[in-house]
Each structure stands twice: as C-alpha cells, then as structure tokens.
Amino acid sequence: MSQKGPDFLPNEQAHRGLLNWVIGIMVFLTGMAVVSGIQLGLLADGWRASAAGSLTVQIVESDAAKRQAQTDAAVDILRTMPGIKSVNQLGEHDMAALLEPWIGETNLTEHLPVPTMINVSLRPGVSIDLQALSSLLQADVPAARIDTHEQWLDDLLSLAIAAQMISAAIIVMMLVATIAIVVFTARNSLLAQHETVAVVHMLGAADAMIARSFQRRFWSVGLRGGLIGLLLIALVIGGLYGLSLNVQSAYLPHISFHLTTFITLCALPILTGIVTMWTARATVKRSLLGMV
Amino acid sequence: MISFEEVGIRYGPGSEVLSDVSFRLQPGSFHFLTGKSGAGKSSLLKLIYLAQRPSRGQIQIMDEEVNAASRETLVSLRRRVGVVFQDYRLLEHLSTFDNVALPLRIKGADEDQVKREVSELLAWVGLADHMHELPSTLSGGQKQRAAIARAVITTPKILLADEPTGNVDDEMADRLMQLFIELNKVGTTMVIATHDTRWVDKYPSPQLHLDAGHLSIIPQDAAPGMLL
C-alpha cells in the first residue's frame, strides 16, 4: 500500500467495457497485420532457400529427336559437374501436369514442340558459375537455356516485401490510433474524476501516485482488450485454416504457422496492456502539471 | 509557520480578490478568519492549502518559499496541512471510513494503523455506526464531522477549517471546537474561517479579518500566538 498508494478511483465499468472492445478490435487488426507480415517473411525465406539450391535447364528444340539427344547430353554433362546434388529430367507426365492449367487434359504435348526441362539440385552452400556452365553446355547442347529462377523470384520477393511494408505501416497506424484512443479516454477519465483527483491532490497525493491509480485501470483495460483481440484472431485464423484444408490447389501454399507467429500473437495482450498503461500514465501526469 | 508578504490574487482580468495581504502566523497559533461572504476568505485559505498560486507577493509555508517550491516540496507541504472544506468534499464513492483513511493511506501508513486510528477518530466524532456508509447517506452534520476527521487524522502542522461548525448543532460544534483547541495545544497552527461571531466570542482569539480583499488583524496589537 505504501509503495503503490491507495486506489481512490471509482469503477467506470460501462466506459471500460466499451474501451475493452475498441482496443480488442484494434488488437485484432494489428494481429492480422502481424500474422500477414511474419507469414509473408517466412514464405519469402522459403522461396529464397528453395531457389538458391536449384536451377532449371530447358532444351528448346523443335525437332523431337534432336531435343532428346541434347537432353541426354545435357544430363550427362550436368551429372559430371562438381557441386551438383541431383539432375532430374521432367517426364512427359510431369510436363502434362505443368501445362494442364493452361491447355487442359489432352495429349497435345505429344504433338507440340514442348521444351524438355531438367531440374538441377545443388549441394547446400554451393554456388555454380553460370557463365562456365553455359559455355560448357553450349558446345554439345546448343539448345540449352539456363533458368536460375532469379527473375521470377525477384518479382515475388519484391511483392512480398511490399506486402510486408504495408503490414508494418498498418501496425504503426494501429499503434498510433490505439495510443490516440487511450490518450483521449484517459483525458476524459481524468475530467470525469476531476473532483476526486483535486481532493487527493490536496490531501498530498503525488502526481505519480495519482497516475498509478489511472494506469492500474488502463493496464486492466489494455490486457482485456488484448485478450479479446487475440480471441478474434484465433477464431479468424482457425476458420481460415479449416477452409484451407478443403481447398486442393497447386497455387495455394500450405498454411502453417511458425512458432514466431504464435509467440508474437500471445505477447500481444501483454504488449497492449503495457502500451495502454504507459500512455495513460504519461497523459495523466502531463495533465496534472496543470494543477499547482 | 505561515508568512504572506504583499500578496495579491486575481482571477482573470477583474480586480484583485485579495490585495496587499501581509501577515505572519507563528507555529501553534490559533486564529479566526472572519469577513463577509465574498470578502476573500476562501481565496486566502486556497493560498495556504496550496491550491492556488498568488498573482503577486511572497508566501512562505513552514519555511518553504511557495512560489519557488518544486512539486515534490508542495506535496510534502500538503501532507502537513489539513483542510476542512465548507462543502466537505468527501469522495462519494468511498465509505466514511475510506474517506477518513485517505490521508493516512496517501502518507503510506500500514493498514493496522489505518484501521486503529480511523476507527478511534470516527468513534470520537460520533460516526462509529456510520463508518461503512457512503457520504450520500450521511446528514450534513455527519458529513462535516467526517470531513473534520479526514482533516485531522494525520495530526497536521496547520489545520484550516472553512465554516466547520456551520452544519452541526451547538453541542457538536462545541465538541469540534474543543477538538481544534486540543490539536492547537499539541502545536497545530489553526486558522478557522467563520462568519459566526458566537465562536469568536466564546473562544477569543486573534482574527484575520478580510474586508473586500483587504486584511486587518483584530485586535491590532494581538500577539500572533496561542489561544488568548
């Protein structure tokens, strides 16, 4: 009691109930932005990792016999190169599956000069001198085209980074909006309790002691709001996850949540409580300076 | 204990509510603050209990220069000044017990001390049976006694009372005056604002008399000391 001071404020259950929900919605929106940002980052890391360890060699030759001869030659050359873990030519079935979304289920690939594709996996930590590889292939496989995936990966990474920056901007805006709401509410609360504050001030309560009484209230509001927000996030993510289980598509990445996402989400109510508490404290202390 | 030098106070652009007020009150002195309604009694009390800064002049309370005092010093001074307000200013959401306990809890007293001292004082002012009631259920006189109990619970160095006997019967008023005298005897400097000359006559003491914001001391040759 002597360290913390008395709790002299009346309960304002109605106002606090409303504020709990307002903060809960802010936390929900912030949390969704956090989840998006983290998941996008993890997705981009996955893309980077998979692209860094592989390349594709295409044999673009219209004559089927020559195409197959050059494919065999390319596979032989690639298998002799140091640093290469595996070399796999995509079979007709795989090619048909790749083209299916565009041309449907047909045997058209038998009559079209579709390039053959060779997936090359590199050993971890190995980087290939593309210039040397290209020169080596050109001698025996003039139809070879090397694709390191850099082009499409750069585009995807740029998109992911842009989306992450938007998530970060949303988080900052939500934080600013939450602080503004708390400042406004704390000022209103101080105004509503003006007589109480004036009396305890006159009785010798220090500014910090008065501020503590308010910050206790706002810590509780922030924590409850954070828990409401977390519950909403859990419901939405759970719902999305449930829906994703029913969708089978090559275009949708498998939805899984990293530990970082869970830890960050679980920390949100506490972080919200701290932000709310310190904002209220600073607001009240600043307002009290207006009193003698 | 309390020193005013050429103190003036005005609210807004109007004329001064208090003008050129100068006086010194010695530690342990007992003074009535008299004057008609609007003479500036409440403004003078506000300056002493540090709710207001003067527009001009110098004020010293317990050897501290109020104008230059830090917020920490002002807090320390307020804890040594007890005030009984004319409108009581009890916190409506707290029980009588908690209202009276507030100054002790603010000072950091432990709960055993709070319980013992508050119960004792509430019994003394006749509110033992009402200690758990909210102020809204108390009569005017009971509220006044609770307000007095809150003001004296920490045995302040200075006790200011604004019309403390205004809402109680004569018997209770007499008891309260006796309480003030007992506190004065143990060294509390008393300033009691009243327009009821009966108490001034019954407990003759020097008066700080305000008339339209100007202060005079009655009698003029009064020693600024104890109860006469």
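Residues numbered from 1 in each chain as written. Chains lettered and ligands numbered in written order. Predicted model: local features only at pLDDT ≥ 70, side-chain atom pairs only at ≥ 80, totals over all residues.

**Examining the overall build of chain A**
Formally: What counts as a helix is a DSSP run of H or I of at least four residues, what counts as a strand is a run of E of at least two, and both are numbered from the N terminus. The reference for a compact globule is 2.2 Å times residues^0.38; the radius of gyration itself is calculated from the C-alpha atoms. By the convention adopted here, residues make contact when the C-beta atoms placed from their backbones lie within 7 Å.
Broken down by element type, chain A carries eight helices and four strands. In terms of overall dimensions, chain A is more spread out than a globule: its C-alpha atoms have a radius of gyration of 31 Å, far above the 19 Å expected for 292 residues. Oriented by its inertia axes, the alpha-carbon framework of chain A measures out at about 100 × 40 × 25 Å. Across chain A, contacts joining residues at least 24 apart in sequence account for 87% of those joining residues at least 6 apart.

**Quick notes on the sheet that holds strand E3 (residues 30–35) of chain B**
Residue and element names in this part refer to chain B. Operational definition: When DSSP finds two or more bridges between a pair of strands, those strands are recorded as paired. Only C-alpha atoms enter the line fits that serve as axes; for helices the fit covers just the stretch in contact. Angles between N-to-C directions range over 0 to 180 degrees.
Across the sheet, which stays open at both edges, the six strands sit in the order E6-E7-E8-E3-E9-E10 with mixed pairing between neighbours. A strand with exactly one partner marks an edge of an open sheet, and here the two such strands are strand E6 (81–84) and strand E10 (214–218). The mean inter-strand angle of the sheet, taken between neighbouring strand axes irrespective of direction, is 20°. One ladder, built from five bridges, connects strand E9 (residues 207–211) with E10; its direction is antiparallel. When the sheet's bridge partners are listed, leucine 208 is paired in E10 with isoleucine 217. The strands touched by helix H1 (residues 41–48) within the sheet are E3, strand E7 (158–162), strand E8 (189–193) and E9, with E7 carrying the most contacts at an inclination of about 155°.

**Structural notes on the domain arrangement of chain A**
Defined as follows: Boundaries of every domain are those given by an automatic assignment or by a domain database.
Looking at the assigned domains, one finds that chain A contains domain 1 (13–48 + 153–288) and domain 2 (61–142). Summarising the inter-unit geometry, the C-alpha centres of domain 1 of chain A and domain 2 of chain A are found 50 Å apart.

**Let's talk about the interface of chain A and chain B**
Heads up, the rule is: Three categories are distinguished: nonpolar for Ala, Val, Leu, Ile, Met, Phe, Trp, Tyr, Cys and Pro, charged for Asp, Glu, Lys and Arg, and polar for the others, with Gly belonging to the last.
Across the contact, 17 residues belong to chain A and 21 residues belong to chain B. Where the side of chain A that touches chain B is concerned, the elements lending two or more residues are helix H6 (194–202) and helix H7 (207–245) of chain A. Among the elements that line the side of chain A that touches chain B, the one with the most residues is H6 of chain A, at four residues. Of the residues that constitute the side of chain A that touches chain B, the class distribution is 12 nonpolar, four polar and one charged.

**What about the domain arrangement of chain B?**
How big an interface is tends to be reported as the loss of accessible area on association of its parts. All names here are of chain B. For chain B, the assigned domains read domain 1 (1–80 + 156–228) and domain 2 (91–155). With centres defined by C-alpha atoms, the gap from domain 1 to domain 2 works out at 24 Å. Each partner contributes residues to the interface: domain 1 has 12 residues there, and domain 2 has 10 residues. A per-element tally of the side of domain 1 that touches domain 2 places helix H6 (residues 170–185) first, with four residues.

**Considering the sheet that holds strand E5 (residues 64–65) of chain B**
Residues and elements named next belong to chain B. The antiparallel open sheet is built from four strands, whose spatial order is E2-E1-E4-E5. Strands with a single pairing partner mark the edges of an open sheet, and in this sheet they are strand E2 (18–25) and E5. For strand E1 (residues 2–9) and strand E4 (residues 56–61), the ladder comprises five bridges, and the chain directions are antiparallel. Considered in E4, the bridge of glycine 8 is made with arginine 56. Together, E1, E2 and E4 form the strand contacts of H1, whose direction differs from that of E1 by roughly 125°.

**Some thoughts on the pairing of E9 of chain B**
Residues and elements named next belong to chain B. Inspection of the sheet shows E3 paired to E9 by four bridges, in the parallel sense. Within E9, the residue paired with leucine 33 across the bridge is leucine 208. Count of turn residues in the E9/E10 antiparallel hairpin: two residues, of which alanine 212 carries a positive phi of about 50°.

**A look at the packing of helix H2 (residues 64–80) of chain A against helix H4 (residues 130–140) of chain A**
Think of two packed helices as two axes; the pair is described by the angle between the axes and how far apart they sit. Residues and elements named next belong to chain A. Heads up, the condition is: Throughout, a crossing is termed right-handed when the near helix is turned clockwise from the far one, and left-handed when it is turned anticlockwise from it by less than a right angle.
It is at 10 Å that the axes of H2 and H4 come closest, and there the two elements cross at 145°. The handedness of the crossing between H2 and H4 comes out as right-handed. Within the contact between the two elements, H2 uses Ala73, Ala74 and Ile77 and H4 uses Leu136, Leu137 and Asp140. Its residues assigned to classes, the contact of H2 with H4 comprises five nonpolar, no polar and one charged.

**Observations concerning the packing of helix H3 (residues 96–107) of chain B against helix H5 (residues 140–152) of chain B**
Residues and elements named next belong to chain B. The cut-off we apply is this: When an angle is under 35 degrees it counts as roughly parallel; over 145 it counts as roughly antiparallel; between 65 and 115 it counts as roughly perpendicular; any other value is oblique.
At a minimum axis separation of 7 Å, H3 and H5 run at an interaxial angle of 25°. Looking at the two axes, H3 sits roughly parallel to H5. Here H3 runs over H5; the crossing is right-handed. Where H3 approaches H5, its residues Thr96, Asn99, Val100, Leu102 and Pro103 are matched on the opposing element by Ala146, Ala149 and Arg150.

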